[in-house]
Amino acid sequence: MAIASPTLLSLNSQLSSASSMHRSPHSARTISRRQSCHLVRARNNKINSLPVIEAKTTTDDVSEEDIVIVGAGIAGLATAVSLQRLGVRSLVLEQAESLRTGGTSLTLFKNGWRVLDAIGVGNDLRSQFLEIQGYMLVNRTSNLDLSKQTKNLTTYMKSIRLHSFANTTMADDDPSGYMFRDLWSSALKGWISSILMVVKSEDGRELRSFRFKDEDESQEVRAVERKILLETLAIKLPSAAVRFSSGLARMERRENGKMLLELVDGTRLLAKIVIGCDGIRSPVAKWMGFSEPKYVGHCAFRGLGFYANGQPFEPRVNYVYGRGLRAGYVPVSPTKVYWFICFNSPSPGPKTIDPSVLKKQAKELVKNWPSELLNLIDLTPDETISKTPLVDRWLWPVISPPPSTGTTVLVGDAWHPMTPNLGQGACCALEDAVILSRKLVNAINSGPTSVEDAMKSYGIERWPRVFPLTVRANLVGSLLQWENPVVCSVRNNVVIPKLVRLGPILEHTNFECEPSLKTNF
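The rules we used
- Residues numbered from 1 in each chain as written.
- Predicted model: local features only at pLDDT ≥ 70, side-chain atom pairs only at ≥ 80, totals over all residues.
- Heavy atoms only, no water.
- UniProt positions renumbered as here; feature names shortened; annotations may be inferred.
- Buried < 20%, exposed > 50% of the residue type's maximum accessible area, 1.4 Å probe, protein only.
- Helix = DSSP H or I, 4+ residues; strand = E, 2+ residues; numbered from the N terminus.
- Pairing = 2+ DSSP bridges.
- Disulfide = S-S within 2.5 Å.
- pLDDT = per-residue confidence, 0-100.
- Contact = heavy atoms within 4.5 Å.
- Axes fitted to C-alpha atoms, helices over the stretch in contact; angles between N-to-C directions.
- Parallel < 35°, antiparallel > 145°, perpendicular 65-115°, else oblique.
- Nonpolar A, V, L, I, M, F, W, Y, C, P; charged D, E, K, R; others polar.
- Salt bridge = Lys/Arg side-chain N within 4 Å of Asp/Glu carboxyl O.
- Core = buried A, V, L, I, M, F, W, Y, C linked by side-chain atoms within 4.5 Å.
- Left-handed = near helix turned anticlockwise from the far one by under 90°.

Named according to an unreviewed UniProt entry, the protein chain is FAD-binding domain-containing protein originating from Salix brachista. Recorded under Sequence similarities (unreviewed entry), the UniProt text for the protein chain is reproduced unchanged: "Belongs to the 3-hydroxybenzoate 6-hydroxylase family."

Set out below in structure tokens:
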């Protein structure tokens, strides 16, 4: 989904006092998958040397690298690009044969765009994707033609704007450094005053409308194709920076503190620094003692509809809510529209990859819903449709391992997988990448102790940012998936028309990120 829900608006204000300290026209360049692979494929090449980082080969046939990044997803490539702009090269290992450029899209808010600007790729992406004005929501029984309604209301209704969830309160006198002040009760109180902002009721009545930029001119929201984002990051790296078909089989810490990495093809690497960016099922995180992410009780169909003659929607997120079932869609570009359907399920069920089966299952869930959603599913290319269970991992203080051990550290989903209900998974991964890179570069010439301290500092700074977001994303999803008809009636007839209020908007997207110093190679 990767789209922040516009419900639970004031949950953000209930938790807004926490971790404020962490808020811390080029032409677009696109490349095909073949071009991308040509630019970054380098299975047998070594990284070009720099004054700070250079590749070496030991006499026992073990290749030695200073920094190895495991995983060439968003987190891994963003970390590599950020390091490179600061003058430090890295080697990225990817188990797939090429960039994983399939899939749909993800939503980036202003914190994500600030990072992309800082690492020099923001303007390469902006011109390719529509800026989203806000949100439009309907109750599923209204059966409105949303594209027509949107066109008719263009001059009056531009979007719905949502409140968000700021960081949880940190208490100075708490011995552990952090205290969660009634997290659960705050979440529920926030929900009572904000759940399900509906623009159209069951009888078609307009309730409320808001614009993103009415109260925050700096907000920027765009749905971005994952494929193009990965290719744009990859093209910024030297051709030998990514090794494909390089899955990690085993890790071992040597007495000298270096990490021995054994790949599935038998290749062995000795790394001074290992950065795990290998996703929710991270082998690096498993080696560090992290538990498997937990299934949250919902699954999601996702797809990317293609309109050859141009898609008909205004640049806003359209949400449709039912009982234990919700759906949404948002224009990505002039011809593409991202959609999702989230449904309750006691278990993830069998894995299905047959596109025809997936489309049939998705349409069956929403067969009586607005026709635009059904048409979107029909117009979805086979390679972009998927069904995935939603999972997360809660990083409880004291109980959960730290994100680093020695000179091995985790970034993005490998450390803090979260559900997509706030649209912050990719944004947080980008934040991780730029913060870790800057801390490492400052320490990298000062020896292993300084590097370890830099990684610990990264964890201390990022934990109070990512843990509350993970919890709130989970709560949002759980509350939106309720099936109780009484709750749904209160939601539609009391909460939305009478209790919804304006407040701080998307405060969790406040993140300061200065441009990285670009180095010429």
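Still more to cover.
## Comments concerning the pairing of strand 6 (residues 222-225)
Residues of strand 6 alternate between two faces, with Arg 222 and Val 224 on one and Ala 223 and Glu 225 on the opposite face, all of them buried. Bridge analysis of strand 4 (residues 105-108) against strand 6 gives 4 bridges, and the strand direction is antiparallel. Residue pairing across strands places Leu 106 opposite Val 224, the latter belonging to strand 6.

## Section: the state of the cysteines
Under the counting rule described, the total for this entry stands at 0 disulfides. Here Cys 428 is not cross-linked by a disulfide; its sulfur's nearest cysteine counterpart is in Cys 427, at 7.0 Å.

## A word on the confidence of the model for the protein chain
Per-residue confidence for the protein chain gives a mean pLDDT of 78; residues scoring 70 or more make up 70%. Under a pLDDT of 50 for its full length, residues 5-59 has, in the predicted model, 187 contacts with residues more than four places off or in other chains. Below pLDDT 50 for its whole length, residues 142-207 participates in 226 contacts with residues either more than four positions away or in separate chains.

## Overview of the packing of helix 10 (residues 355-365) against helix 11 (residues 371-378)
Two numbers describe how helix 10 lies on helix 11: the axes approach to 10 Å, and their chain directions differ by 175 degrees. One way to sum up the angle between helix 10 and helix 11 is to call them roughly antiparallel. Contact with helix 10, carried on its side by Lys 359, Ala 362 and Lys 363, involves Leu 374, Ile 377 and Asp 378 of helix 11 and no other residues of that element. Classifying every residue of the contact of helix 10 with helix 11 gives 3 nonpolar, no polar and 3 charged.

## Concerning the pattern of salt bridges
Side chains that differ in sign of charge can pair as their charged atoms come close. In total, this model carries 23 salt bridges according to the counting rule given. One network of salt bridges, with partners in common, ties together Asp 117, Arg 126, Glu 131, Glu 220 and Arg 222.

## Points about helix 4 (residues 110-118)
Residues spaced three or four apart along an α-helix face the same direction, because each turn holds 3.6 residues. The buried count for helix 4 comes to 7 of 9 residues, which makes it a mostly enclosed element. When we look at burial in helix 4, the residues that qualify are Lys 110, Asn 111, Gly 112, Trp 113, Val 115, Leu 116 and Ala 118. Looking one or two places after helix 4, you find Gly 120, whose phi comes out positive at around 85 degrees.

## Side note on unusual backbone geometry
Note on backbone geometry: most residues besides glycine have negative phi, and most peptide bonds are trans. Not every positive phi belongs to a glycine, and Ser 245 is a case in point at roughly 50 degrees. Note on placement: Ser 245 falls in the loop between strand 7 (242-243) and strand 8 (248-253). You will see that Val 398, though not glycine, has its phi angle at about 75 degrees, which is positive.

## Let's talk about the nonpolar core
With 104 residues, the main nonpolar core has Leu 77, Leu 108, Leu 116, Leu 261 and Ile 275 as its most contacted residues. Top contributing element to this core by residue count: helix 13 (residues 448-480), with 12 residues. Leaving out residues up to four positions away in the same chain, Leu 116 has contacts with Leu 108, Val 121, Gly 122, Leu 125, Leu 229 and Leu 430. The next biggest cluster of nonpolar side chains, apart from the first, holds 21 residues, and it includes Val 337, Phe 343, Leu 373 and Ile 377.

## Some points on the packing of helix 12 (residues 425-443) against helix 13
Close contact between helix 12 and helix 13 brings their axes to 9 Å; oriented N to C, the two are set at 160 degrees. Relative to helix 13, helix 12 is oriented roughly antiparallel. For the pair helix 12 and helix 13, the crossing hand works out as right-handed. Note on element contacts: helix 13 touches helix 12 through Ser 450, Val 451, Ala 454, Met 455, Ser 457, Tyr 458, Glu 461, Arg 462, Arg 465, Val 466 and Leu 469, opposite Cys 428, Glu 431, Asp 432, Ile 435, Leu 436, Lys 439, Leu 440 and Ala 443. Taken together, the residues of the contact of helix 12 with helix 13 sort by class into 11 nonpolar, 2 polar and 6 charged.

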